[in-house]
Amino acid sequence: VWSASMAAPMRRSGTMPMSLPPLWIMAGAGVGAVVIWKRRELGVYASLSKDLVVHMPTCLSGVRGIGELFSRLKTMVFIAWLESNHRGNIIEAEATYGAQAVAEDEGLLFQTGTLAHVRTAVDFSKAHARRAAANAPVLHDVVLIGGGHSHVHVLRMLGMEPEAGVRLTLISRDVMTPYSGMLPGHIAGWYTRDECHIDLVKMARHANARFVHASVTSIDRENRLIYCDDGRPPIRYDFASINIGCSPTFLGRSGYESVAEAREVGVTAVKPIDNFSARLDDILARVDDDTEIAIVGGGAAGAEVAMALRARLIKILGSSQGSKVAIKLIGRGEKLCPNHGPAVQKVMMQVVRERGIELHTGQEVVGVENSTLVTKKGDRIPFTEALWCTQGAAQQWLSECGLPVDEDGFIKTSTTLQTLGDPTIFAAGDTATIEGYKRPKSGVFAVFAGLTLARNVRLVARGEPLEHYYPQSEFLGIIGLGDGTAVASRGQLAWRTRWMWDLKDWIDRKWMWNYSLGLPDMPSDSIVPASAKVAGEDALELLKDDMRCGGCGSKVGATTLSNAMKRISIPTRPEIVVGAESVEDCAVVKVDRVLSCQTVDFFRAMISDPYNFGRIAANHSLSDMHAMGCQPVSALALVQLPHALPRIQEEDMVQMMSGACQALKESDCALVGGHTVEGIEPAMGFTITGHMDANESALLKSGMKSGQRILITKLVGTGTILAAEMRKKAHGVWFAGAVKSMVQSNGPAVTILRKHGVTACTDITGFGVAGHLLEMLKASEVSARLSIGSLPCLPGAVELVKRGIFSSLQPSNLRSRHLVFGKMDHEKYPLLFDPQTSGGVIASVPASSAAAAIKELRASGVDAQDIGEVFVDSEAYRIDLVDN
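All values derive from a computational prediction rather than experimental measurement.

K.L.:
In this structure, what is going on with empty space enclosed by the protein? I would like to understand it.
P.N.:
If you roll a probe as big as a water molecule over the atoms, it shows you where there is empty space left. One pass over the structure, following the stated rule, counts six cavities of 30 Å³ or more. Estimates place the volume of the largest cavity at around 190 Å³. For the lining of the largest cavity, a count of residues per class yields 12 nonpolar, three polar and four charged. The calculated volume of the second largest cavity comes to roughly 50 Å³. Around the second largest cavity, the lining comprises 13 residues; the ones closest to its centre are P184, G185, E304, G480 and W501. Top contributing element to the lining of the second largest cavity by residue count: helix α8 (residues 183-188), with three residues. Within the lining of the second largest cavity, the residues separate by chemical class into seven nonpolar, four polar and two charged.

Laid out in structure tokens, this is it:
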């Protein structure tokens, strides 16, 4: 062990040959064997150095004893080899970038070496292969259910080397998937929440996969349909893969409903981890000397959580007070960590005693009453906070849809990872059991299964023979002890040392880096033509950005549009009340005593989920009607579908139009027809016709009056968030927040505003808050004074504009900044020009009713905000920005 560990730095520095001489190995193994043999009578620990404890539980004798001895030595050499890679990685990084640079940016450390299970032989120079895959028609729909460790590897590999004709769809309940191996470190305060979560939105964008934020409830295997919980039509698949992990359990009940049941009696479930992470801060904030924290679960996970929590309390409260907080660990087994060998069990028992953790073994919790755990033996264990950390169960819908499952409800698969009896469905990770290779539920198997799964997804689409995955019978587990030390566990060996935590930390961070900051920037497919220089600086500037935004970010700029329309002779008729020469949101035509309102919108897809894209496109088109106070009556749809097999185009049409029809129904608007075309990417638009009584007054942009308050009804920032998401720069939670905002209708908000005397209104779309407000000010011949700090922004929007990430329409919108004065250095200033897709409305209401309007809007779930006032100025219309 010593020889393998010490030789690595010598090899890296060039002072020793790259191949380790057998003599060193023999000497190291011989010394280790002699030391262990001399200490065999101790039965508990064999201390090899100041910072090294190796546990050998029994006296070794006979042939079996010799076999056990060499098995343990083999494991120790393997661990030492890992540590030598770790140390060599540090030396190589410091030699390449400098020690100071590596200390300031640990990402440099991860760039210099690659973990074996994320290596790839992809040639990034083959950009033509990516172009071929992007331009190929869709021939197979491969749907990944769940964002587990296996599936993130599939996304990574198929993102780097796409398979032509294969379209990936990822369906996930979460946008951030946790790496369970880092959870104890997160509890102990070693990692932030983001550091131990993988952003699935970024992973999907990397793989050019459609991302559906929903939970799967069932699979119709006969018709190859996947049902979700959000009301969308079932999603069709040619091949599917399931990697959803385990379901949380509580008192014999399983499913995510059990998490809510646990909370009702004061218990916090550790799984799902995303819920627990948010709850942890609340628990820690309430800790005092009288706190009693009970942790139910005597496995390695429960023990790790207990020790990590002790370490965190010491960090927060100090060594003296943090050590006094009562922590109780309750397990139903007679021994701690029953799935590990006796060596690990004894080491963990000693550590638990060292940390002052109250241990209750052989106690199965069967009930919770009045902040008290009730055990099967009748004992009662009081608590102020309880954490539930027991073994998860299989999700119930797996067996209900006829998938083959084992006695515990987990999917049975072959070594190709295909479910038994259904070769169109794969399964991996905790949710699956490979027939003949039943293993503990551990992330290590999911990680390595991902290698085979990524290749088999490719092979099954090609119709070629699949590869096999044979999980190892033993694996190395490193159990963190919360204080910067760790125990390595494999078979009968337990190895406790401080550098073991450093090794685990390196392995975990390096693995996570490959699925976050380490995602490669794939080569651009754009080509700069030789004629660009002749075309001028505008052409070169245009070609710099090869990622043009979708949604309203794909609109033509206001200046271009205005200049073009001025040069056109526009036909009209006497019945036209508001026509193309106006800046209003809808055209108005008088037919007898009814005013007919008309509007049209169309844009490229800005999100990959076809159902929610349909909802957003329809709501965006309907917003013009709502903003003018018109009742939408009928809609004509224009739909562009990607090139694909007819059956796949049919499914795409169903998803997009179902989402659109959901939005139309909410506004009581009928779909009366439409037109379809085929194109490179999805796109959608609507022509909406509505009406209002001729005696009613439309909400025009020209209705603003001095002294009125200016209200806005949605958070701003969809443009920068969508632009960042295209570049894999947006946090998944930010993106989910933007989508949630865009699918909301403006109809209910305008109805409330009308009750409070609104006189002018417009919806915020491609020209941004400033552009659309300036249209209103010009038409009303007034000016506005805005409190820039009051501008409501979506989470992440301010941070993204600080990082210089903008929509491709932003430069065009900035041409109106000469009419905006005041606090131009404010961090929210750029968001005034951010193009919005399905944004809220800007409305002016009497000052006396503004507060009541805001109150009612917020009560109805609208993110309304008063952002300023209208005033009259002798000069031309303008926007003045102030602090408050």
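K.L.:
Is there a simple way to think about a nonpolar patch on the surface in this case?
P.N.:
Taken together, the side chains of F602, L638 and V677 present a nonpolar region at the surface, about 220 Å² in accessible area. With respect to the secondary-structure elements, L638 resides in strand β32 (residues 631-642).

K.L.:
What should I look at first to understand the side chain of S783 in this one?
P.N.:
Relative to the helices and strands, S783 resides in strand β37 (residues 783-787). Overall, the relative accessible area of 1% leaves S783 in the buried class. A polar contact of 3.1 Å, which involves the side chain of S783, links it to the backbone nitrogen of R878. In this structure S783 touches L777, E869, V870, F871, D873, A876, Y877 and R878, once residues within four positions along its chain are discounted.

K.L.:
Would you mind going over the packing of helix α23 (residues 718-726) against helix α24 (residues 732-742) with me for this structure?
P.N.:
The relative placement of two packed helices comes down to the angle between their axes together with the axis-to-axis distance. Interaxial distance between α23 and α24 falls to 10 Å at its minimum, and their mutual angle equals 130°. Classed by the angle they form, the pair α23 and α24 counts as oblique. Every pair of crossing elements has a handedness; the one defined by α23 and α24 is left-handed. Residues T718, I721, L722 and E725 of α23 form the contact with α24, whose own contacting residues are W734, F735, A738 and M742.

K.L.:
So what exactly am I meant to see when it comes to the pairing of strand β8 (residues 216-220) here?
P.N.:
Remark: a regular strand shows side chains that alternate across the two faces of the sheet. With four bridges joining them, β8 and strand β9 (residues 225-228) adopt antiparallel strand pairing. Counted as the bridge partner of V216 is C228 from β9. Between the end of β8 and the start of β9, which pair antiparallel, lie four residues, with R224 showing a positive phi angle near 55°.

K.L.:
Please explain helix α14 (residues 342-354) as it appears in this structure.
P.N.:
Each α-helix winds once per 3.6 residues, and so residues spaced three or four apart point in a common direction. In this model α14 runs 18 Å from its N-terminal to its C-terminal C-alpha over 13 residues, within 8% of the 18 Å that 1.5 Å per residue would give. Downstream of α14 by a residue or two, G356 has a phi angle that is positive, lying close to 70°.

How each quantity is defined
- Residues numbered from 1 in each chain as written.
- Predicted model: local features only at pLDDT ≥ 70, side-chain atom pairs only at ≥ 80, totals over all residues.
- Heavy atoms only, no water.
- 1 Å grid on protein atoms, 1.4 Å probe; cavity = no way out; pocket = protein on both sides within 12 Å on 5 of 7 lines; lining within 4 Å.
- Points joined across faces, edges and corners; volume = space filled by probe spheres on them.
- Nonpolar A, V, L, I, M, F, W, Y, C, P; charged D, E, K, R; others polar.
- Helix = DSSP H or I, 4+ residues; strand = E, 2+ residues; numbered from the N terminus.
- Patch = residues over 30% accessible without salt bridge, like charges linked within 9 Å, V, L, I, M, F, W, Y side chains within 5 Å.
- Areas by Shrake-Rupley, 256 points an atom, 1.4 Å probe, with all protein chains shown as cover.
- Salt bridge = Lys/Arg side-chain N within 4 Å of Asp/Glu carboxyl O.
- Buried < 20%, exposed > 50% of the residue type's maximum accessible area, 1.4 Å probe, protein only.
- Polar contact = N/O pair within 3.5 Å; in protein donor to acceptor, adjacent residues only side chain to side chain.
- Contact = heavy atoms within 4.5 Å.
- Axes fitted to C-alpha atoms, helices over the stretch in contact; angles between N-to-C directions.
- Parallel < 35°, antiparallel > 145°, perpendicular 65-115°, else oblique.
- Left-handed = near helix turned anticlockwise from the far one by under 90°.
- Pairing = 2+ DSSP bridges.
- Expected span 1.5 Å × (residues − 1).

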